[in-house]
Amino acid sequence: MITVTNLTVAYDELVAVADVSLRVPPGCVLAVSGPSGAGKSSLLWAIAGAVAARSGTVEVDGLTITDRPGAAAHRVVLIPQGNGLARVLTARENLSMPLLADRALIGVLNRRRGGSGDEPEYEREDERSHALDTVDRTIAKALADVGLEDSGDHLVEELSGGEQQRVAVARGIAQHGRVILADESTSELDSTNRERVLNLLRREADRGAAVIIATHDPNVAAGADGHATMDEGHLTWERRL
Ligand code: ADP
Ligand code: ADP
């Protein structure tokens, strides 16, 4: 569940998001459309904790993240506009990074919760190979979901724009976020792959995620559960959730 209350984001004097409130329950997909510069990316960045709010709050599953950006990082997955991939790494390596970071964090938390930190060597080795197997399987599944099962070892810079966009989507869905924010994630796709990506985002909602898609595409907006438009930072409901 995403709850945004009276959120304002500003860059110096420029108000990019103006007093926006919205709620996306688990299982729902909200499309946000509007002209370039309307504030769609800024809204998503604020929900992901990547830009600070000037005022207002963002809650994810009841946890306020506006004043503690790190707190919800692992629950909120942003698929950024322009894909955000590391170009000189392979598709698989790009997918592995957030998953390994997550594993490392879980390891630290487990140790803090009372693990001694000096488990026998073989237990750690077991744990390590189990964790890496899980990451490998998750990556293989996500790449297959976007139709790139054979491209895992390709450098991102060797892939076409549309393929890169699908890698970015695969990286997003592999993280099993509570919230998924897709910023123009279908802009470079042909209709088959656009359908594929939209179906995957729908599947993420069906397993309980709250999904927001920023899009210029009226077809994408039509397929969402709710639709809002933004203009000069202001949000207007076209179809309420
Ligand atoms: P779109 O409308 O396709 O979302 P924009 O042209 O509004 O794209 O923004 C594209 C990128 O350029 C964004 O990631 C944003 O950070 C950056 N950007 C846009 N305007 C500015 C600006 N005035 N100063 C710095 N960066 C900007
Ligand atoms: P959209 O995603 O709808 O294109 P953005 O959130 O990218 O909108 O941009 C909203 C406004 O904020 C635009 O006027 C843009 O130029 C400005 N902007 C975006 N990013 C930055 C930034 N990093 N620094 C300054 N201004 C920015």
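The preceding data block contains the structure.
Criteria and cut-off values
- Residues numbered from 1 in each chain as written.
- Chains lettered and ligands numbered in written order.
- Predicted model: local features only at pLDDT ≥ 70, side-chain atom pairs only at ≥ 80, totals over all residues.
- Heavy atoms only, no water.
- Axes fitted to C-alpha atoms, helices over the stretch in contact; angles between N-to-C directions.
- Helix = DSSP H or I, 4+ residues; strand = E, 2+ residues; numbered from the N terminus.
- Parallel < 35°, antiparallel > 145°, perpendicular 65-115°, else oblique.
- Contact = heavy atoms within 4.5 Å.
- Nonpolar A, V, L, I, M, F, W, Y, C, P; charged D, E, K, R; others polar.
- Expected span 1.5 Å × (residues − 1).
- Buried < 20%, exposed > 50% of the residue type's maximum accessible area, 1.4 Å probe, protein only.
- Arc of directions from axis to C-beta.
- Near = heavy atom within 4 Å.
- Polar contact = N/O pair within 3.5 Å; in protein donor to acceptor, adjacent residues only side chain to side chain.
- Areas by Shrake-Rupley, 256 points an atom, 1.4 Å probe, with all protein chains shown as cover.

A separate point is the packing of helix H4 (residues 161-174) against helix H5 (residues 191-206). Their axes nearest at 11 Å, the elements H4 and H5 cross at an angle of 10°. Regarding the angle of H4 to H5, the classification is roughly parallel. Counted together, Arg166, Val169 and Ile173 of H4 and Asn193, Val197, Leu200, Arg203 and Glu204 of H5 form the full contact between these two elements. The residue inventory of the contact of H4 with H5, partitioned by class, reads four nonpolar, one polar and three charged.

Now for H5. Helix length check: H5 (16 residues) gives 22 Å between terminal C-alpha atoms against 22 Å at 1.5 Å per residue, within 8%. All buried positions along H5 are accounted for by Asn193, Arg194, Val197, Leu198, Leu200, Leu201, Glu204 and Ala205. The buried residues of H5 occupy one face: seen down the axis, they fall within an arc of 155°. In H5, the exposed positions angled more than 90 degrees off the buried face are occupied by Thr192 and Asp206. Once H5 ends, the next one or two residues include Gly208, with phi positive near 115°.

Turning our attention to the site of ligand 2. Taken together, Tyr11, Leu14, Ala16, Pro35, Ser36, Gly37, Ala38, Gly39, Lys40, Ser41, Ser42 and Trp45 make up the full set of residues near ligand 2. A distance of 2.8 Å separates an oxygen atom of ligand 2 from a polar backbone atom of Ser41. Side-chain polar atom of Ser42 to an oxygen atom of ligand 2: 2.6 Å apart, as the coordinates give it. For ligand 2, the protein covers 61% of the area, taking 560 Å² as the surface of the free molecule. Only strand S2 (14-24) and helix H1 (40-47) provide two or more residues apiece to the shell around ligand 2. With four residues, H1 is the single largest residue contributor to the shell around ligand 2. Residue composition of the shell around ligand 2, by class: six nonpolar, five polar and one charged.

Turning our attention to H4. With 14 residues, H4 extends 20 Å from end C-alpha to end C-alpha; this agrees with the ideal 20 Å at 1.5 Å per step. What H4 keeps buried is the set Gly162, Gln164, Gln165, Arg166, Val167, Ala168, Val169, Ala170, Arg171, Gly172, Ile173 and Ala174. Positive phi shows up at His176, right after H4, with a value of about 50°.

On to the site of ligand 1. Inspection of the region around ligand 1 gives Ser36, Gly37, Ser41, Trp45 and Gln81 as its neighbouring residues. Here an oxygen atom of ligand 1 sits 2.3 Å away from a polar atom, N or O, in the side chain of Ser36. Relative to its free-state accessible area of 560 Å², ligand 1 is covered by the protein chains to the extent of 34%. Residue composition of the shell around ligand 1, by class: one nonpolar, four polar and no charged.

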